[in-house]
Amino acid sequence: MCVACKELKEKREMLRIVKDGEDKIFLDFSSKASGRGAYICNNPECVLKLKQKRLLNKVFSCAVDESIYAAIEEEYFGKKQG
């Protein structure tokens, strides 16, 4: 389920973000890394909402570095959105 729009979608249509046991947060392109996962779909509105509302901070109950949000934007848009 996408953390932004709450729609159920195929895993292969979404990007997984993981917080592992050492509290490291990263993009999981294999979708197999162990840890707490959150998914974001490829809808541009969802990607922008994820950043604007800092949804990963809520999902992982911690401060998520801006570089993670920037990496997600770059993955979907090819460059950081202003």
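Data block above holds the structure.
Computed from a predicted structure; not experimentally measured.

## Side note on the packing of helix α1 (residues 44-52) against helix α3 (residues 66-77)
Logical step 1: At a minimum axis separation of 10 Å, α1 and α3 run at an interaxial angle of 170°. Classified by the angle between their axes, α1 and α3 sit roughly antiparallel to one another. Across from Pro 44, Val 47, Leu 48, Leu 50 and Lys 51 in α1, the residues of α3 making contact are Glu 66, Tyr 69, Ile 72, Glu 73, Tyr 76 and Phe 77.

## A few points about unusual backbone geometry
Logical step 1: Of note, Lys 6 is a non-glycine position whose phi angle comes to about 65°, a positive value.
Logical step 2: Checked against the element boundaries, Lys 6 lands in the segment before β1 (14-19).
Logical step 3: Taking the relative accessible area as the measure of exposure, Lys 6 reaches 52% and is therefore exposed.
Logical step 4: Not every positive phi belongs to a glycine, and Ser 31 is a case in point at roughly 60°.
Logical step 5: Note on placement: Ser 31 falls in the loop between β2 (25-28) and β3 (36-41).
Logical step 6: Taking relative accessible area as the criterion, Ser 31 reaches 32% and is therefore assigned partly exposed.

What counts as what
- Residues numbered from 1 in each chain as written.
- Predicted model: local features only at pLDDT ≥ 70, side-chain atom pairs only at ≥ 80, totals over all residues.
- Heavy atoms only, no water.
- Axes fitted to C-alpha atoms, helices over the stretch in contact; angles between N-to-C directions.
- Helix = DSSP H or I, 4+ residues; strand = E, 2+ residues; numbered from the N terminus.
- Parallel < 35°, antiparallel > 145°, perpendicular 65-115°, else oblique.
- Contact = heavy atoms within 4.5 Å.
- Buried < 20%, exposed > 50% of the residue type's maximum accessible area, 1.4 Å probe, protein only.

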